[in-house]
Amino acid sequence: MTTPIPQTTPDEKAAPAQPKPSILNLGRKEMLALVAELGEPPYRAEQLWRSIYHECKTSFADMTNLAKGFRASLEERFSIDPFTPALHLHSRDGSTDKALFRMADGEMIETVLMRYEPDAHRKRRRTACVSTQAGCALGCTFCATGQQGFRRQLTTGEIVGQVLYVARIAQAEDNALIASRAIAQGEVSGITNVVFMGMGEPFANYDNTMKAIRVLNDGQGMNIGARHITVSTVGLVPQILKFADEPFQVNLAVSLHAPDDETRSVTMPINRRYPVATLIDACRRYVEKTDRRVFFEYVLLAGQNDSAAQAHKLGALLRGMLCHVNLIPVNPTEKGSYRRPVQARSLEFQTVLLTYGVPSTVRIEKGIDISAGCGQLRARVLDQAEATASA
Ligand code: SF4
């Protein structure tokens, strides 16, 4: 299902207003400083933070617990959302939404919301997959974003804003479940997990990503537990080591995708800067320092990296490390030439890893019908725009 967003009129285009900065760029201390600057007592910062991140208010005017004058001052200086939704897609099975956002400078980014129904072992979960850059410079050949090139870094507000957008959807869904008595008031789940696996390399935008994590993790706001947040890197070694020194328990995922330099360099140019041995050494040092498991992402490309011999190499490489491998049969991109392996091949790969004591999961595929793979929706929208322009 596609919900087109109304376009601006020619008159609006003729006189563009200078966009106000988003308040989502402020960390806790900065918000406290802002409140002091506006002559309000410190507890107002707490109220404002909760209104934005816990109650998910979409306008300052709706924050009726704040004094009218204070709301007017905020309205004058800031916006809340740093972008406007350009497209919102909902997968046929209802499990996945994908949103495309247009930012003030016209750049576009994607965010995915994945829903997991509760079962005997786990509660209801909703995961937000967010972007950290518009485009990406690292050029992995299987990735739609990599095929589009780097545009710019996202601000903290643009990263946090993506989670807030899907948190509002989650809030509306929770309220509907309460109204239909499917869940009790105390069972609301909101957004339970955040993965930094959308467009861009989070560690190439390190400071804004870390600041966004602190905002998401804040107990008075969205309160997303650090252990429910995962940062995925293509393998920037200096940043992996820096990340090991961060004070929070956020998960680290590493996009490995091949067990040797020969195979990895073909699909991931970054491997020429940080080869497999250097990368795995950094991961082992990360585990030693943090005592936390590393998650290795391994996109299975039929005929490229999914042979039994490659599974044996991967098993030998990771043997003895505190880690988990996520095997992901590729989401073929329209411009890419990769094929998805048959399911039996994925399961065979998994069985070989087990013989080395390396645990793994074949990841559940979600949102194939709405181009949920990183960068696929932006690519599709731009292609359609080009086709329309040249028609
Ligand atoms: S997989 Fe990640 S790092 Fe590689 S090109 Fe795509 S967005 Fe960039």
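First things first, this report covers the structure right here in the doc. (Residues numbered from 1 in each chain as written. Predicted model: local features only at pLDDT ≥ 70, side-chain atom pairs only at ≥ 80, totals over all residues. Heavy atoms only, no water.)

### Structural notes on the pattern of salt bridges
And then number 1: Evaluation of the coordinates by the stated rule reveals 21 salt bridges.
And then number 2: We note a salt bridge from R152 to E158, for which the minimum N-O separation is 3.0 Å.
And then number 3: Overall, E158 belongs to the buried group, its relative accessible area being 6%.
And then number 4: A salt bridge links K313 to D260, with the shortest nitrogen-to-oxygen separation between them at 2.9 Å. With a gap of 53 residues between them, K313 in helix 10 (residues 308–318) and D260 in the loop between strand 10 (251–255) and helix 8 (261–267) connect regions that are remote in the sequence.
And then number 5: By relative accessible area, which is 12% here, D260 ends up buried.
And then number 6: Salt bridges sharing common partners tie together D97, R115, R126, E173 and D174. (Salt bridge = Lys/Arg side-chain N within 4 Å of Asp/Glu carboxyl O. Buried < 20%, exposed > 50% of the residue type's maximum accessible area, 1.4 Å probe, protein only. Helix = DSSP H or I, 4+ residues; strand = E, 2+ residues; numbered from the N terminus.)

### Looking at the side chain of R44
And then number 1: One can find R44 in helix 3 (residues 43–53).
And then number 2: Of the polar contacts made by the side chain of R44, one reaches the backbone oxygen of N65; its length is 3.3 Å.
And then number 3: Once you skip the residues sitting within four places of it in the chain, R44 turns out to touch V35, N65, L66, A67 and F70. (Polar contact = N/O pair within 3.5 Å; in protein donor to acceptor, adjacent residues only side chain to side chain. Contact = heavy atoms within 4.5 Å.)

### Details of the packing of helix 5 (residues 156–179) against helix 6 (residues 206–217)
And then number 1: Running from N to C, helix 5 and helix 6 point in directions that differ by 40°, and their axes come no closer than 8 Å. Classified by the angle their axes make, helix 5 and helix 6 are oblique. For the pair helix 5 and helix 6, the crossing hand works out as right-handed. Taken together, the residues of helix 6 that come into contact with helix 5 (itself represented by T156, I159, V160 and V163) are N208, T209, K211, A212, V215 and L216.
And then number 2: Of the residues that constitute the contact of helix 5 with helix 6, the class distribution is six nonpolar, three polar and one charged. (Axes fitted to C-alpha atoms, helices over the stretch in contact; angles between N-to-C directions. Parallel < 35°, antiparallel > 145°, perpendicular 65-115°, else oblique. Left-handed = near helix turned anticlockwise from the far one by under 90°. Nonpolar A, V, L, I, M, F, W, Y, C, P; charged D, E, K, R; others polar.)

### Some points on the packing of aromatic side chains
And then number 1: In this structure the tally under the stated criterion is eight aromatic pairs.
And then number 2: Their ring planes at 85° and their centres at 4.7 Å tell us that F101 and Y165 sit as a pair that is edge-to-face. Of this pair, F101 sits in strand 3 (residues 96–103) while Y165 sits in helix 5, and the two are 64 residues apart along the sequence.
And then number 3: Residue F101 is classed as buried on the basis of its relative accessible area of 0%.
And then number 4: A residue is classified by how much of its surface remains accessible, and Y165, at 17% relative accessible area, is buried.
And then number 5: Aromatic ring contacts, followed pair by pair, group F203, Y206, F243, F248 and Y286 into a single cluster. (Phe/Tyr/Trp six-rings, centres within 6.5 Å; stacked < 30°, edge-to-face > 60°.)

It is worth stressing that arrangement in space is one thing and function is another; only the former is reported here.
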